[in-house]
Amino acid sequence: MTSEAVADTAARNGGSRRIIVMMGAPGAGKGTQAERLAEALDLPHVSTGELFRAMRKSDTPLAEQVRGYMDSGALVPDDIVVAMVDDRLTWKDAKNGVILDGFPRTVAQARELDAMLARVGTAVSAVPYIEVPTELLLARLTGRRICTKDDQHVYHVVAMPPKKEGICDIDGAELYQRKDDSEETVQARLDQQLPPMFEVVDYYAGNDVLFAVPGDQSPEAVTEELLRVINSRTGA
Ligand SMILES: [Zn+2]
């Protein structure tokens, strides 16, 4: 056995591994918090996007299979996504655990993930849920304004307002709201994405690994609370 393989086996059998699953609606700041936790806990932040990008570069039969789905534009089935997470857990940087962001998206995926983790002798250790009231999500997700002269000039009515309402600070051009950011479009997106997310949240609540953190406070305060609870739950 090579030393690398020994390390992998030890990692897979280690009970002290932290498998953290981030939950939160679009606009809740889940990605930002996952990034901060990854740094503070020294764990890799594994977003679904990163998983797929890794498969683009990888040379395994699994990667080849995944590329087949991606190239044909077909949805990658749950068991394949779980196999990708399984593979990702064997990487050296994941020996102490991972922070999953964007997966699982459905209860079926959450069950598959649990089954896979059980096979390698571990389990989800904590599921932080960043809870943000829907009105606040809407305000955050509809607040973006873009310059009509240069689409690199981006503002947000709450988070980064221009000095003069509706006017670009840099060139004085008018700002506009993209159709993607309109209340109607955002609401439709939330209507589609929130129910399956709530089901996954309920699933983890039933497994006693879920904890909710209010997301309507400063990002720093959210991080602090997340770290406090994760450390007390995963015994570090
Ligand atoms: Zn401008």
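Residues numbered from 1 in each chain as written. Predicted model: local features only at pLDDT ≥ 70, side-chain atom pairs only at ≥ 80, totals over all residues. Heavy atoms only, no water.

Asks: Please clarify how the packing of aromatic side chains should be interpreted in this entry.
Replies: Any aromatic ring pair is given by two values, namely how distant the centres are and how the planes are angled relative to each other. On inspection of all chains with the given rule, the structure shows 1 aromatic pair. Centroid distance Tyr203 to Tyr204: 5.3 Å. Interplanar angle 70°. Geometry classified as edge-to-face. Like Tyr203, the residue Tyr204 is buried in the burial classification. (Phe/Tyr/Trp six-rings, centres within 6.5 Å; stacked < 30°, edge-to-face > 60°. Buried < 20%, exposed > 50% of the residue type's maximum accessible area, 1.4 Å probe, protein only.)

Asks: So what exactly am I meant to see when it comes to the sheet that holds strand 5 (residues 144–147) here?
Replies: For sheets, the rule is that strands pair by backbone hydrogen bonds, running either parallel or antiparallel. Read across the sheet, 3 strands follow the order 6-5-7 without closing on themselves; strand pairing throughout is antiparallel. Of all the strands in the sheet, the pair left with one neighbour each is strand 6 (154–156) and strand 7 (175–176). Of the strand pairs in this sheet, strand 5 and strand 6 are connected by 3 bridges, and their pairing is antiparallel. What sits directly across from Arg145, in strand 6, is Tyr155. (Pairing = 2+ DSSP bridges. Helix = DSSP H or I, 4+ residues; strand = E, 2+ residues; numbered from the N terminus.)

Asks: Sorry, what's going on with the sheet that holds strand 1 (residues 18–24) here?
Replies: Read across the open sheet, the 5 strands follow the order 2-3-1-4-8; overall the sheet is parallel. Two strands in the sheet have a free side with no partner beyond their single neighbour: strand 2 (45–47) and strand 8 (210–214). For this sheet, the mean angle separating the axes of adjacent strands, direction not counted, is 25°. Pairing analysis gives 2 bridges linking strand 1 to strand 4 (residues 127–131), with the strands arranged parallel. The partner of Gly24 across the bridge, within strand 4, is Ile130. (Axes fitted to C-alpha atoms, helices over the stretch in contact; angles between N-to-C directions.)

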